[in-house]
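Letter by letter, the chains look like this.
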Amino acid sequence: MSGHSRWSKVKHYKGTIDSKRGKIFAKLGKEMSVAAKHGGGDPGFNPRLRTILMKARAVNMPADNIDRAIKKGTGELPGVTYEEITYEGYAPGGVALLMELLTDNKNRTAAEIRQIFTKQGGNMAVSGAVKHLFHRKGQILVAKEQISEDDLMGLALDAGAEDMISHPDTYEILTDPHQVEAVHKALETKGIKAQSAEIAFLPLTSAPITDEKTARAVLGLLDALEDNDDIQNVYSNEDIPDEIMEKVQAAAA
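None of these values were measured; they are calculated from a predicted model.

Time to look at the environment of Ala 250. Within the element layout of this structure, Ala 250 appears in helix H9 (residues 242–252). Taking the C-alpha atoms as reference points, Ala 250 and Asp 229, 21 residues apart in sequence, are found 28 Å from one another.

Following this line, the structure appears as structure tokens:
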């Protein structure tokens, strides 16, 4: 099985999970509240909530945090009303960016995001400018130490996966958005714990980055966007070679 390599994005995502777990819990809690508000607090009857809970389990979000977030959405606890927004833009090097946000103040958030783009050398784009460069897929990451490639491939395919890509330390399983839950459950049944499991916008084409300066600028913008409290998800199509990524990481260490 093969596909367009997203290893630079996978590495960046994994590093973000490891270093910003508390912020990720807060963002997942916000997503749960919105899902529970619109579809109820029972995941058995709320597919959107089920998907977010799957993502929360993959990053070991505490049960108390999950319970509070759902109750805020259902009105059992005081909560905040959030508006869902999608922004599009470009990072240095022509990298396409697609951002999903939840905000209680649209004007404040818009000003903050514009400021981040201006400061980090990017440009915001009009609606529809880059969304066609992505497709929505289920994405599951599994550490290689847990299982062999052949065993995981057989398990994933039998459960309904479409593709699997082998990275240096991680397997990336791709599914139809409606199948990600079934594949994730099949892995859990066999004792395989995913590093992450979610429905994401993945790039159809890549923007190759050929120099360290541009790579540093792209990753700087991604970090600044992901650090914003209102941005839930940032999707990008940069393709940074390992040797350049290693130089950037060494310089930042």
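Within helix H7 (residues 180–189), burial applies to Val 180, Val 183, His 184, Ala 186 and Leu 187. Buried residues in H7, looked at end-on, bunch into an arc of 160°, giving them a common side. Elements in contact with the buried residues of H7: helix H3 (47–58), strand E4 (134–143), helix H6 (149–159), strand E6 (170–175) and strand E7 (196–203). Gly 191, located one to two residues past H7, shows a positive phi value of around 80°.

The packing of two helices is summarised by the inter-axis angle and the distance between the axes. One can describe the packing of H6 onto H7 by two numbers: an axis separation of 9 Å at closest approach and a directional angle of 135°. Classified by the angle between their axes, H6 and H7 sit oblique to one another. Judged by the sense of rotation from one axis to the other, the crossing of H6 with H7 is right-handed. For the pair formed by H6 and H7, the contact residues are Leu 152, Leu 155, Ala 156 and Ala 159 on the first element and Ala 182, Val 183, Ala 186 and Leu 187 on the second. In terms of residue class, the contact of H6 with H7 is built from eight nonpolar, no polar and no charged.

Under the criterion given, the structure shown has 17 salt bridges. The partner of Arg 48 in a salt bridge is Glu 84, with the nearest N and O atoms 2.7 Å apart. One end of the pair, Arg 48, is in helix H3; the other, Glu 84, is in strand E1 (residues 83–91), and 36 residues separate them in sequence. Residue class for Glu 84 comes out partly exposed when judged on its relative accessible area of 44%. In this structure, Glu 181 engages Arg 50 in a salt bridge whose closest nitrogen and oxygen atoms are separated by 3.1 Å. Of this pair, Glu 181 sits in helix H7 while Arg 50 is found in helix H3, placing the two residues 131 residues apart along the sequence. Salt bridges linked by common partners bring Lys 30, Asp 104, Arg 108, Glu 112 and Asp 230 together as one network.

Turning to the side chain of Thr 214, a few remarks are in order. Its location among the elements puts Thr 214 in helix H8 (residues 212–226). The class of Thr 214 is buried, set by a relative accessible area of 19%. Once you skip the residues sitting within four places of it in the chain, Thr 214 turns out to touch Pro 92, Gly 93 and Ile 209.

Okay, unusual backbone geometry next. Of note in this structure, Asn 60 is not a glycine but carries a positive phi near 60°. With respect to the helices, strands and loops of the structure, Asn 60 is situated in the loop between H3 and helix H4 (63–74).

This brings us to the packing of aromatic side chains. Within the structure shown, the criterion is met by one aromatic pair. With 5.6 Å between their ring centres and 70° between their planes, Phe 201 and Tyr 235 make a pair best called edge-to-face. Taken as a pair, Phe 201 in strand E7 and Tyr 235 in strand E9 (residues 231–236) lie far apart in primary sequence, 34 residues in all. Residue class for Phe 201 comes out buried when judged on its relative accessible area of 12%. Residue class for Tyr 235 comes out buried when judged on its relative accessible area of 6%.

Our next topic: the nonpolar core. Membership of the largest hydrophobic core comes to 25 residues, with the highest contact counts inside it found for Leu 97, Met 99, Ile 113 and Leu 225. Mapped by element, the contributors of at least two residues to this core are E1, strand E2 (95–103), helix H5 (106–120), H8, E9 and H9. The element contributing the most residues to this core is H8, with six residues. Contact partners of Ile 113, with chain neighbours within four places excluded, come to Tyr 87, Leu 101, Met 124, Leu 225, Asn 228 and Ile 231. Core analysis: the second largest hydrophobic core is formed by 21 residues, Tyr 171, Val 180, Ala 186 and Leu 187 among them.

What follows covers H3. With 12 residues, H3 should reach 16 Å at 1.5 Å per residue; the first-to-last C-alpha distance of 17 Å fits that figure. Within H3, burial applies to Leu 49, Thr 51, Ile 52, Leu 53, Met 54, Lys 55, Ala 56 and Ala 58. Against helix H2 (21–39), H4, H7, E7 and E9 lie the buried residues of H3. Just beyond H3, the residue with positive phi is Asn 60, at close to 60°.

Analysis parameters
Residues numbered from 1 in each chain as written. Predicted model: local features only at pLDDT ≥ 70, side-chain atom pairs only at ≥ 80, totals over all residues. Heavy atoms only, no water. Helix = DSSP H or I, 4+ residues; strand = E, 2+ residues; numbered from the N terminus. Buried < 20%, exposed > 50% of the residue type's maximum accessible area, 1.4 Å probe, protein only. Arc of directions from axis to C-beta. Contact = heavy atoms within 4.5 Å. Axes fitted to C-alpha atoms, helices over the stretch in contact; angles between N-to-C directions. Parallel < 35°, antiparallel > 145°, perpendicular 65-115°, else oblique. Left-handed = near helix turned anticlockwise from the far one by under 90°. Nonpolar A, V, L, I, M, F, W, Y, C, P; charged D, E, K, R; others polar. Salt bridge = Lys/Arg side-chain N within 4 Å of Asp/Glu carboxyl O. Phe/Tyr/Trp six-rings, centres within 6.5 Å; stacked < 30°, edge-to-face > 60°. Core = buried A, V, L, I, M, F, W, Y, C linked by side-chain atoms within 4.5 Å. Expected span 1.5 Å × (residues − 1).

Nothing here speaks to function; it is geometry throughout.
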